[in-house]
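For reference, the chains in residue letters:
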Amino acid sequence: MLLEKTREFIYRHARPLELARWQYHFEDGSRESVLTALDVYQNEDGGFGHGLEADSWNPHSTPLQTWAATELLLELGGAERGDPVVSGILRYLESGAGFDGTVWASTVPSNNDFPHAPWWHDSSEAPTRPNYNPTASLAGFILLYAEPETALYGLGQRICREAVEQFLRLEQEEMHAVVCYVRLWEYGQAAGFPEGADWNALELKLEQQIGLCLEKDYSKWATGYVCRPSHFLNSPKSRFYPAIKEWADAECGVIRSTRLADGSWPVVWSWGAYPEEWSVSRTWWKSVKALESLLDLRHFSRL
C-alpha cells in the first residue's frame, strides 16, 4: 500500500525526470531513461539549468543546478569517465562560468530574472569568507572524474585543499556546506584519497560538525526545514552513520508517520513570492520528496 499510493501520485503529478527515477528504482526501469530525462536540463555549455533544482527556474547553466545533476548521477550509482553527461559537466566547470577563482557561486545574477526561492536570489553583497556550497562537492566530482594530467584536475586539487583548510579552522559551518563537505569526502574516498588534502582531519571534523548541525528534537522534523540525518546519509553503510545512528533510525519512523493521504510527503518550505510558479514547484518537490523518502526507507530496510 505504501508503494501503491506513492506510485499513483508520481504518475499523476511528477515531472518526466522523477517518473523515470521512480521507474528505475521501483519498476525495473532503465538507467538510460533517467539520463534521457536528465539530458533536457543540460545546456550546450555542459552545465545544467531549466529548473532542475526546482526552487530556481533559471534556464541558464548555474553551478548549483549543475551540482544537482551530479547528485542525480550518484543516485544512479555514479557514472563512467567519458560519459557525455560527465564530459559536459567537466567542460562547464573548466569554462570558469560562475567561478571567481576560489569558489563557484551558489547564486548567479540571472537567477533574479526568473521565478525562484528567496535563498537563490543573487545579491551584490560580498561574503565574509568563501562559501563552499556547492563548490566542495563540485571539487570532489572533478577529483573523481577529471583526467589527473589536466589543468582542471589541478584546479580541483587546489580547491579541495583550500576548502578543507577553511573547514578545519571553523568552529561551526552552515549545514548545506557541511553536506557538500560530506560529498567531497565521499568523492575523495572513491578516488583513493588523492594527495593534497588532509582527508583524515576532514573525516573527524565532519563527524563533529554533523553532530553540531543535526536538529535532535524529532518533533521539529515533520513541520520545519531543519537539519535531519538524511541531509548527510541515506544508508547505514555511510561512514557517518554510527555517530548519529539513534537519529537516523528515528527518522525512518518519522518518514513513515508523515506520509500524506495522497501518497506524497509534506513540503515544509515555501517561496513567499511567485505564487503561481511556486504552486508548480511545490508539486515537483512533492514527487522528489516522495522518491527520497521511499529510497531512505529502502536503504534502511524499513520499506
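That block above? That's the structure.
Source: prediction; values computed, not measured.

Thresholds, definitions, all that
- Residues numbered from 1 in each chain as written.
- Predicted model: local features only at pLDDT ≥ 70, side-chain atom pairs only at ≥ 80, totals over all residues.
- Heavy atoms only, no water.
- Helix = DSSP H or I, 4+ residues; strand = E, 2+ residues; numbered from the N terminus.
- Rg over C-alpha atoms; globule rule 2.2 N^0.38 Å.
- Buried < 20%, exposed > 50% of the residue type's maximum accessible area, 1.4 Å probe, protein only.
- Expected span 1.5 Å × (residues − 1).
- Contact = heavy atoms within 4.5 Å.
- Salt bridge = Lys/Arg side-chain N within 4 Å of Asp/Glu carboxyl O.
- Polar contact = N/O pair within 3.5 Å; in protein donor to acceptor, adjacent residues only side chain to side chain.
- Disulfide = S-S within 2.5 Å.
- Lys, Arg positive; Asp, Glu negative; His and termini not counted.

### Remarks on the overall build of the protein chain
Okay, so step 1: Along the backbone of the protein chain there are 11 helices and 0 strands.
Okay, so step 2: Along the protein chain, helices and strands appear, N-terminal first, in the series α-α-α-α-α-α-α-α-α-α-α.
Okay, so step 3: The C-alpha atoms of the protein chain give a radius of gyration of 19 Å, which matches the 19 Å a tight globule of 303 residues would have.
Okay, so step 4: In terms of its C-alpha atoms, the protein chain occupies a principal-axis envelope of roughly 50 × 40 × 40 Å.
Okay, so step 5: The burial tally for the protein chain puts 51% of its 303 residues in the buried class.

### Some points on helix 4 (residues 63-75)
Okay, so step 1: The end-to-end C-alpha distance of helix 4 is 19 Å, a good match for the 18 Å that 13 residues give at a rise of 1.5 Å each.
Okay, so step 2: With respect to burial, helix 4 is a largely interior element, 11 of its 13 residues being buried.
Okay, so step 3: When helix 4 is considered as a whole, its buried residues turn out to be Pro 63, Leu 64, Gln 65, Thr 66, Trp 67, Ala 68, Ala 69, Thr 70, Glu 71, Leu 72 and Leu 73.
Okay, so step 4: Looking at the buried residues of helix 4, the elements they touch are helix 2 (16-26), helix 3 (31-39), helix 5 (84-95), helix 6 (135-145) and helix 8 (175-190).

### Looking at the pattern of salt bridges
Okay, so step 1: Applying the stated criterion across every chain, the model contains 16 salt bridges.
Okay, so step 2: We note a salt bridge from Glu 8 to Arg 12, for which the minimum N-O separation is 3.9 Å. With a gap of 4 residues between them, Glu 8 and Arg 12 both fall in helix 1 (residues 2-13), about one helical turn apart.
Okay, so step 3: What makes Glu 8 partly exposed here is its relative accessible area of 23%.
Okay, so step 4: Glu 186 is paired through a salt bridge with Arg 183; the nearest N and O atoms lie 2.5 Å apart. Remark: Arg 183 and Glu 186 occur in helix 8; sequence separation between them is 3 residues, near one turn of the helix.

### Some words on the side chain of Ser 264
Okay, so step 1: Counting through the fold element by element, Ser 264 comes out in the loop between helix 10 (245-257) and helix 11 (275-299).
Okay, so step 2: One polar contact links Ser 264 to Lys 286, side chain to side chain, over a distance of 2.7 Å.
Okay, so step 3: What Ser 264 contacts, discounting residues up to four positions off in sequence, is Phe 9, Arg 259, Lys 286 and Ala 290.

### Details of the environment of Trp 104
Okay, so step 1: Of note, Trp 104 is situated in the loop between helix 5 and helix 6.
Okay, so step 2: Exposure remark for Trp 104: the relative accessible area of 0% places this residue in the buried category.
Okay, so step 3: Put simply, Trp 104 and Lys 216 are 112 residues apart on the chain and 31 Å apart in space, counted from C-alpha to C-alpha.
Okay, so step 4: For Trp 104, the residues in contact, after removing those within four places along its chain, are Pro 63, Leu 93, Ala 97, Gly 98, Phe 99, Pro 134, Thr 135, Leu 138, Ile 142, Leu 155 and Ile 159.

### Remarks on the state of the cysteines
Okay, so step 1: Counted by the stated rule, this structure contains 0 disulfides.
Okay, so step 2: Here Cys 180 is not cross-linked by a disulfide; its sulfur's nearest cysteine counterpart is in Cys 213, at 12 Å.
Okay, so step 3: Summary of cysteine pairing: Cys 213 is not part of a disulfide, and the nearest cysteine sulfur, belonging to Cys 227, is at 5.3 Å.

### With respect to the side chain of Asp 55
Okay, so step 1: Positionally, Asp 55 belongs in the loop between helix 3 and helix 4.
Okay, so step 2: Put simply, Asp 55 is tucked away with no salt bridge, and the nearest opposite charge, on Arg 15, sits 9.6 Å away.
Okay, so step 3: Within the structure, the side chain of Asp 55 is placed 2.8 Å from the side chain of Trp 271, a separation counted as a polar contact.
Okay, so step 4: Setting aside its immediate chain neighbours within four residues, Asp 55 contacts His 116, Ala 117, Trp 119, Trp 120, Trp 269, Trp 271, Trp 278 and Trp 285.

### Things to note about unusual backbone geometry
Okay, so step 1: Residue Asn 133 is joined to Pro 134 through a cis peptide bond whose omega torsion reads 5°.
Okay, so step 2: Mapping Pro 134 onto the fold places it in the loop between helix 5 and helix 6.
Okay, so step 3: Here the phi dihedral of Tyr 274 falls at roughly 45°; this positive angle occurs in a residue that is not glycine.
Okay, so step 4: One can find Tyr 274 in the loop between helix 10 and helix 11.
Okay, so step 5: What makes Tyr 274 partly exposed here is its relative accessible area of 31%.
Okay, so step 6: Despite not being glycine, Ser 301 shows a phi value in the positive range, around 55°.
Okay, so step 7: Tracing the sequence through the fold places Ser 301 in the segment after helix 11.

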